[in-house]
Amino acid sequence: MNARYPVARPRRLRRTAAMRRMVAGTRLHPAEFILPVFVKEGIAEPQPVGSMPGVVQHTRESLRKAAHEAAEAGVGGIMLFGVPAHKDARGSGADDPGGIVQLALRDLAADLGDALVLMTDTCLDEYTDHGHCGLLTADGEVDNDATLERYAAAAVAQAAAGSAMIAPSGMMDGQVEAIRAALDGNGFAEIPILAYAAKYASGFYGPFRDAAECAPRFGDRSAYQQDPSGPVGEALREVRLDLAEGADAVMVKPALAYLDILRQVRDLVEVPVAAYQVSGEYAMVEAAAANGWIDRERVIMESLVAIRRAGADMILTYWATEVARALS
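Quantities reported herein were computed from a predicted structural model and do not represent experimental measurements.

Overview of the pattern of salt bridges
Throughout the structure, instances matching the rule amount to 16 salt bridges. Notably, a salt bridge pairs Arg 150 with Asp 95, separated by 2.9 Å at the nearest N-O pair. Placement of the pair is Arg 150 in helix α4 (residues 144-161) and Asp 95 in the loop between β4 (77-83) and α3 (100-112), with a sequence separation of 55 residues. One salt bridge connects Asp 125 with Arg 221, and the closest N-O pair in it is separated by 3.6 Å. In this pair, Asp 125 sits in the loop between β5 (117-122) and α4 while Arg 221 sits in the loop between α6 (206-212) and α7 (232-245), placing the two residues 96 residues apart along the sequence. No difference in accessibility class separates Asp 125 from Arg 221, as the two residues are buried. Three or more residues joined by partner-sharing salt bridges are found here, namely Glu 286, Arg 296, Glu 297 and Glu 322.

A word on the state of the cysteines
Here the structure, examined in full by the defined rule, presents zero disulfides. Cys 123 provides the cysteine sulfur closest to Cys 133, a residue in no disulfide bond, and the two sulfurs are 3.6 Å apart. The thiol sulfur of Cys 214 is not disulfide-bonded, and the nearest other cysteine sulfur, from Cys 133, lies at 7.5 Å. For Cys 214, a relative accessible area of 1% gives the class buried.

Rules of the game
- Residues numbered from 1 in each chain as written.
- Predicted model: local features only at pLDDT ≥ 70, side-chain atom pairs only at ≥ 80, totals over all residues.
- Heavy atoms only, no water.
- Salt bridge = Lys/Arg side-chain N within 4 Å of Asp/Glu carboxyl O.
- Helix = DSSP H or I, 4+ residues; strand = E, 2+ residues; numbered from the N terminus.
- Buried < 20%, exposed > 50% of the residue type's maximum accessible area, 1.4 Å probe, protein only.
- Disulfide = S-S within 2.5 Å.

Spelled out as structure tokens, the structure:
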């Protein structure tokens, strides 16, 4: 590049809204968004989540309405999280054909067909009475290999109920391979797996644990989720392992504090990459906007553009329907 000021004037391409729109390098599309939703057993009305203004624990009926609205707005997919009325040590609700997520899946599959992709979080933390993502040993450690059997059973139950994509989030070693084998062995070879491949032990998950009622009763999840200050190569290793085990797409979670990881994953793989704009990211923007400290809509769009620019093909965001409508 030889031209210099005053011949070179980068501002020429920023001068008008039409010009900026024409040369934009990063664009958002509603089909790239996935809406995370919570459905709770045993409630008669949707229950607001105090730490996530605008987000609720749905009834089956209110979830159907929210899913219809998302589909009409052009949202690509919906990710279901269940909150059962009863929890136990083995997370029995996760693979119960009559469990809340399986019932909700049947509702949505009947209502929507393939208007959007029905996706399910495949983990145990919402279903266990101790709040951890797997079965526990006698001394309170998460039993990796025993947990894989439960994930496999949950994935098959979800697929049978209508899930079009399984998303294991527990960060157990071998979880993708176990789920892939179970799906294939039960007639669901066509169901893809979106692996939470690089999921960090993050402080940004707090509001989610209110919504899903899944805070650990003791300890934390640092022994199985990735260390935020850990080596970058660990995230890429996890991604490679999940792909070798049969993952069809991979995810980085959280999004905004891990854009560097997202970019490296995007450069590494040839499959779709998702990023989860998690509950803490959502709650911070909503709280600051409620106090008049930021321009809410502008910050929402800016944060999503940043995630897309870093390499995400799909973005899980609680603003999915709202932003899809705005883009339309």
